[in-house]
Amino acid sequence: MLPAESLRPYNSLSLEASAAALALVDTEQELSKALDWSRAQGLAVLPLGQGSNVVIVDDLEALVVRQQGTGFKVLGESDHEVSLRVSAGQDWHSLVEKTLGQGLYGLENLALIPGTVGAAPIQNIGAYGVELDRFVRAVQAVDIETGEHLVLTRQECAFGYRDSVFKHELRDKIIITAVDLCLSREPVTAVTYPALQTELDDSGIREPTPRDVYCAVVNVRRRRLPDPAEEPNAGSFFKNPVIEQRQAEALSREFGSMPVFVQQDNRVKVPAAWLIDQIGWKGHRQNGVGVHPGHALVLVNYAGDSGKALLQLAADISASVSERFDINLEIEPRVYGLPQ
Ligand code: FAD
Ligand code: EPU
């Protein structure tokens, strides 16, 4: 157990804050010991992966637990598919690269998403038309209070857009220790997302292989999203709002160029980036934080210190979007350190 640790190296926004203690654990036995210790100390437990989806606003009276176990084992295989159990500490993008290299397909669209495998089910990571849930067979976890091992089926995870049971009933109650995924041996691809289609068309690729899709996604992401190592950020700061069809039609009549993504239930997902961009926030800076000049959904911590300044900027943006479009934006990363 490392006492009063600075969390700046452990969050992609590079926010300064301390945790009461930090535990780096390699095995489930070490995790169990760390949880026993937190109970004895009466400390809350905060599992952290690579800190790429958190806003830490203040010092935390908590034991931060980082799992360091990586890699996967094969649970079962057939001619068509392979089931894997992947350790929570595994870097997500390296898993995408490794499985693709081994002829196990499906994860290509999710290339370059920062973070760990253990965090991936929390918000059901998604990009370029694909979400994690379609590959999940089960999630292995430990109950923070009792230390009991739990297995959740995909249905029990209640996955949705940037959503799961881990953000609701199981919020702060469990630590994911591994994720069971099922990948295909058939070279299937999903290329309906507009930016991905355009990238493949521009490269003259008509019948893309999974490797082509992987490369296209990497190219688009490198062009569009800032690297947190150079410009500290947490990816999209807001979720894309899903609105009723009637409201979408009215907005489309008023703002012809508004991109829309019709959902299975006929509601309509609207890019928050477009709404924010229309109002002119791109490139705006205040109090050491700002909106990235290349992508309106990415807030950047330029001056290094204030989670509160970021939240103020987010509140200012939300208020203006609400006023102009009558749409409420919801913050995507998890915020820690606010008074309860
Ligand atoms: P952390 O930030 O460490 O944790 C996030 C939350 O999960 C916290 O509440 C934490 O307590 C909890 N958590 C972490 N590990 C565990 C565990 N083992 N058990 C229980 N709870 C846990 N996301 C997308 O979906 N699509 C994208 O395209 C995308 N692009 C991004 C681009 C950039 C540049 C950045 C910085 C972020 C992006 N994200 C994207 C967000 C982020 O990559 C994902 O949310 C990722 O899954 C976070 O992983 P992490 O290990 O960094 O989690
Ligand atoms: N757009 C603008 N202005 C901008 C940026 C984008 O008008 O400054 C428009 C684009 O022209 C496009 C639309 O907004 O028509 C969507 O943009 P983009 O393809 O970049 O995707 P996004 O909706 O901004 C979502 C996810 C990303 C994910 C991409 C690709 C959310 C909250 N964000 O972003 O996830 O990588 O789609 O699928 O759903 C993350 O969660 O951190 C993240 C980066």
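Residues numbered from 1 in each chain as written. Chains lettered and ligands numbered in written order. Predicted model: local features only at pLDDT ≥ 70, side-chain atom pairs only at ≥ 80, totals over all residues. Heavy atoms only, no water.

Student: Looking at this structure, I do not really get the overall build of the protein. What am I missing?
Tutor: Within the protein, the secondary structure is distributed over eight helices and 20 strands. For 340 residues, the compact-globule estimate of 2.2 N^0.38 gives 20 Å, and the C-alpha radius of gyration of the protein, at 20 Å, lies within 12% of that figure. Taking the principal axes of its C-alpha atoms as reference, the protein extends roughly 60 × 55 × 35 Å. By the burial criterion, 49% of the 340 residues in the protein qualify as buried. Partitioning the intrachain contacts of the protein with sequence separation of at least 6 by distance along the chain shows that 62% fall at a separation of at least 24. Approximately 16,200 Å² of the protein is accessible, and the part contributed by carbon and sulfur atoms is 46%. Looking at the protein, you have 31 positive and 45 negative side-chain charges, and the mean spots of the two groups are 2 Å apart. (Helix = DSSP H or I, 4+ residues; strand = E, 2+ residues; numbered from the N terminus. Rg over C-alpha atoms; globule rule 2.2 N^0.38 Å. Buried < 20%, exposed > 50% of the residue type's maximum accessible area, 1.4 Å probe, protein only. Contact = heavy atoms within 4.5 Å. Areas by Shrake-Rupley, 256 points an atom, 1.4 Å probe, with all protein chains shown as cover. Lys, Arg positive; Asp, Glu negative; His and termini not counted. Charge placed at Lys NZ, Arg CZ, Asp CG, Glu CD.)

Student: Looking at this structure, I do not really get the UniProt feature "domain: FAD-binding PCMH-type" (unreviewed entry) in the protein. What am I missing?
Tutor: On the UniProt side, "domain: FAD-binding PCMH-type" (unreviewed entry) is annotated at positions that read residues 15-186 here. In residues 15-186, the share of helix is 16% and the share of strand is 37%. The end C-alpha atoms are 43 Å apart. (UniProt positions renumbered as here; feature names shortened; annotations may be inferred.)

Student: Would you mind going over the site of ligand 1 with me for this structure?
Tutor: In the neighbourhood of ligand 1, 35 residues make up the surrounding shell, with P47, G49, S52, T116 and Y336 lying closest. At 2.8 Å from an oxygen atom of ligand 1 is found a main-chain nitrogen or oxygen belonging to N53. One of the side-chain nitrogen or oxygen atoms of R221 is found 2.8 Å away from a nitrogen atom of ligand 1. Bound to the protein, ligand 1 loses 93% of the 990 Å² it would expose on its own. (Near = heavy atom within 4 Å. Polar contact = N/O pair within 3.5 Å; in protein donor to acceptor, adjacent residues only side chain to side chain.)

Student: I would appreciate a short explanation of the site of ligand 2 in the present structure.
Tutor: Taken together, 22 residues lie near ligand 2, and Y128, Y161, Y193, R224 and E332 sit nearest. In the model, an oxygen atom of ligand 2 is placed 2.9 Å from a nitrogen or oxygen of the R162 side chain. Between ligand 2 and N240, the relevant distance is 2.8 Å, taken from an oxygen atom to a side-chain nitrogen or oxygen of the residue. Isolated, ligand 2 exposes 830 Å² of accessible area, and the fraction of that covered by the protein chains is 84%. Contributions of two or more residues to the shell around ligand 2 are made by α5 (210-224), β13 (233-236) and α7 (272-279). The biggest single contributor to the shell around ligand 2 is α7, with three residues. Tallied by class, the residues present in the shell around ligand 2 amount to eleven nonpolar, four polar and seven charged. (Nonpolar A, V, L, I, M, F, W, Y, C, P; charged D, E, K, R; others polar.)

Student: I would appreciate a short explanation of the domain arrangement of the protein in the present structure.
Tutor: The extent of an interface is frequently quoted as the accessible surface area lost upon association of the parts. According to the domain assignment, the protein contains domain 1 (2-67), domain 2 (72-184), domain 3 (194-224) and domain 4 (233-336). Of note, the centres of domain 2 and domain 3, computed from C-alpha atoms alone, are 24 Å apart. The partner domain 3 presents twelve residues to the 14 residues of domain 2 that form the contact. Summed over both sides, the interface of domain 2 with domain 3 buries roughly 1,100 Å², with 71% coming from carbon and sulfur. On the domain 2 side of the interface with domain 3, the three residues burying the most area are L100, L112 and Y128, jointly 54% of the side's total. In this structure, the connection of domain 2 to domain 3 is made through zero salt bridges. (Domains from an automatic or database assignment. Buried area = accessible area lost by both parts, 1.4 Å probe. Salt bridge = Lys/Arg side-chain N within 4 Å of Asp/Glu carboxyl O.)

Student: Quick question: what am I supposed to make of the pairing of strand β19 (residues 298-301) here?
Tutor: Remark: a regular strand shows side chains that alternate across the two faces of the sheet. Side chains of β19 alternate between two faces, with V298 and V300 and L299 and N301 buried alike. In this structure, β13 lies alongside β19, joined through two bridges in antiparallel fashion. Bridged to N233 within β19 is V300. The pairing of strand β18 (residues 289-291) with β19 spans three bridges and is classified as antiparallel. Its bridge partner lying in β19, G290 is registered against V300. (Pairing = 2+ DSSP bridges.)

Student: Please explain the sheet that holds β18 as it appears in this structure.
Tutor: To summarise the sheet geometry, strands pair through backbone hydrogen bonds and adopt either a parallel or an antiparallel arrangement. Overall, antiparallel pairing links the four strands, which are arranged β13-β19-β18-β17 in an open sheet. A single partner strand is all that each edge strand has here, and the edge strands are β13 and β17 (285-286). Strands β17, β18 and β19 of the sheet are contacted by helix α8 (residues 307-325), whose axis makes an angle of about 35 degrees with β18. (Axes fitted to C-alpha atoms, helices over the stretch in contact; angles between N-to-C directions.)

Student: For this particular structure, what's the right way to read the nonpolar core?
Tutor: Nonpolar side chains in soluble globular proteins tend to be buried together. Counting residues in hydrophobic clusters, the biggest one holds 45 residues, and the most contacted among them are W92, V139, L152, F166 and L181. Counting residues per element, the ones that place at least two in this core are β7 (81-87), α2 (92-101), β10 (136-143), β12 (174-184), α4 (194-202) and α5. The element that contributes the greatest number of residues to this core is α5, accounting for six residues. When residues of this core are assigned to domains, at least three map to each of domain 2 (72-184) and domain 3 (194-224). The contacts of L181, once residues within four sequence positions are left out, are V82, S83, L84, V86, L95, L132, F135, V136 and R137. If you look at the next biggest cluster of nonpolar residues, it comprises 35 residues, including I243, V268, A273 and L329. (Core = buried A, V, L, I, M, F, W, Y, C linked by side-chain atoms within 4.5 Å.)

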